[in-house]
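Coordinate analysis (summary)
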Amino acid sequence: MGTVTRIGIVGMGHVGAHVANSLILQGIADELVMTEICSGEHSKQAKLEAEVQDLGDSLAFCPHNVALVNAGEDYAQLAQCDVIINAAGDVQRSSIDRDGELFYTTDTAKRFIAPITEAGFEGIWVSIANPCDVVATEIWKLSGIDSNRVIGTGTALDSSRLKYALSRVTGYDQHSMCAYMLGEHGASMFAAWSAVNIGGKPLAQLMAEQPKRFSMSLDEVEDLARQGGYKTYAGKQCTEFAVADAAARIVRAIVSNEHYVTPCSTLMTGQYGESGLFTSLPCVIGADGVEEVMQLDLTDEEIDKFHASCAPVRKNLERVGLA
């Protein structure tokens, strides 16, 4: 990384704008290069200008100054960034399920992957756009970049939702929990209950020791995590804060070389017998992107769920010609 941390964003809708705000408020970025998929639409150009102005107006209240660059649709300007965040999507298309954006986001990504790659980008991609695992796989395949330098936010967000749900039913602080949702960032994701611990104690042990406190249905808690995004969407027709913070957390781990462990979407290279597609397992994140993929000691049932969760990703890759 250079002395100036330069972060790029593609897509400045609800999510992209909140990612930018989170990066600024946390003091992660020194420079933000923001682009949009305008397609000649004046309203999108005007919105990008407005977001840049609004973010600039907030700088006096932030940890340090940040250079804000409105690059419009000049995606080649992003090639000098340390990290590029792909937030180019259309959330209304995924109001029923995350696959609703499949053809839109994969077609849209083709517009900026090539010019960024041809301009010599050597940084790391962090992709949010849904279906997250499919788009991350596409970026890896079309850019030719090393797979460790492409990260999908994947179930980092869903794992936070799982911790929030567990915190509400047990009363324990979610920061004291290790709890992961794994697999596809979609309907087939699952909670790896065998790996959950609170304060270092396995969940199964806590349930035996404190049956009253842990009387909840694990299936119901898992479903709260799985459906959290749809509950948010139902009330305000978008999700923005949590997913933006999930992306910002990954970016911070990269630029600070933290070796931070979080579930995220990464290339499968034989884990549990899966390969050739991106999906979420716990990963070590640092300056080189994904530095290590951790294989948990999952139960046979959880391994079956993992395979079942990879199947829809593979099917969607076939649908868009990326298999």
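Basis of the calculations
Residues numbered from 1 in each chain as written. Predicted model: local features only at pLDDT ≥ 70, side-chain atom pairs only at ≥ 80, totals over all residues. Heavy atoms only, no water. UniProt positions renumbered as here; feature names shortened; annotations may be inferred. Helix = DSSP H or I, 4+ residues; strand = E, 2+ residues; numbered from the N terminus. Domains from an automatic or database assignment. Contact = heavy atoms within 4.5 Å. Buried area = accessible area lost by both parts, 1.4 Å probe. Buried < 20%, exposed > 50% of the residue type's maximum accessible area, 1.4 Å probe, protein only. Pairing = 2+ DSSP bridges. Right-handed = clockwise from strand over helix to strand, strands pointing away. Salt bridge = Lys/Arg side-chain N within 4 Å of Asp/Glu carboxyl O. 1 Å grid on protein atoms, 1.4 Å probe; cavity = no way out; pocket = protein on both sides within 12 Å on 5 of 7 lines; lining within 4 Å. Points joined across faces, edges and corners; volume = space filled by probe spheres on them. Nonpolar A, V, L, I, M, F, W, Y, C, P; charged D, E, K, R; others polar.

- With an unreviewed UniProt entry as reference, the protein chain is termed L-lactate dehydrogenase, source organism Bifidobacterium magnum.
- In its Sequence similarities (unreviewed entry) section, the UniProt entry covering the protein chain states "Belongs to the LDH/MDH superfamily. LDH family."

1. A word on the UniProt feature "active site" (unreviewed entry) in the protein chain
- Following the UniProt record, the feature "active site" (unreviewed entry) maps to His-185 here.
- Mapped onto the fold, His-185 is located in the loop between strand 8 (181-182) and strand 9 (190-191).

2. Remarks on the domain arrangement of the protein chain
- Assigned domains within the protein chain: domain 1 (6-152) and domain 2 (155-320).
- Taking only C-alpha atoms into account, the centre of domain 1 sits 23 Å from that of domain 2.
- With 38 residues of domain 1 in contact, the opposing surface of domain 2 contributes 44 residues.
- Interface area for domain 1 against domain 2, summed over the two sides, is near 3,400 Å², with a carbon-plus-sulfur share of 66%.

3. Let's talk about the pairing of strand 1 (residues 6-10)
- Counting buried residues along strand 1, four of its five residues qualify, which places the element largely inside the surrounding structure.
- Judged from the five bridges that link them, strand 1 and strand 2 (residues 31-35) form a sheet pairing that is parallel. Across the sheet, residue Ile-9 finds its bridge partner in strand 2, namely Met-34.
- Note on the crossover from strand 1 through helix 1 (residues 14-25) to strand 2: the handedness is right-handed.
- Of the strand pairs in this sheet, strand 1 and strand 4 (residues 83-86) are connected by four bridges, and their pairing is parallel. From the neighbouring strand, Gly-8 faces strand 4, where its bridge partner is Ile-84.

4. Examining the pattern of salt bridges
- Under the criterion given, the structure shown has 15 salt bridges.
- The partner of Glu-240 in a salt bridge is Lys-236, and the shortest N-O contact between them spans 2.9 Å.
- One network of salt bridges, in which partners are shared, links Asp-107, Lys-110 and Glu-138.

5. Remarks on the layout of surface pockets
- Size it by volume and the largest pocket reaches roughly 980 Å³.
- Among the elements of the structure, helix 5 (156-170), strand 7 (177-178), helix 7 (218-236), helix 8 (241-255) and strand 12 (260-269) are those that each provide at least two residues to the lining of the largest pocket.
- At nine residues, the largest contribution of residues to the lining of the largest pocket is made by helix 5.
- Among the residues making up the lining of the largest pocket, the classes are represented as 16 nonpolar, eleven polar and nine charged.
- Its boundaries defined by the atoms lining it, the second largest pocket holds a volume of some 670 Å³.
- Elements that contribute at least two residues to the lining of the second largest pocket include exactly helix 1, helix 2 (42-58), helix 5 and helix 7.
- Grouping the constituent residues of the lining of the second largest pocket by class yields 14 nonpolar, twelve polar and seven charged.
- Summarising the domain contributions, the lining of the second largest pocket has at least three residues from each of domain 1 (6-152) and domain 2 (155-320).

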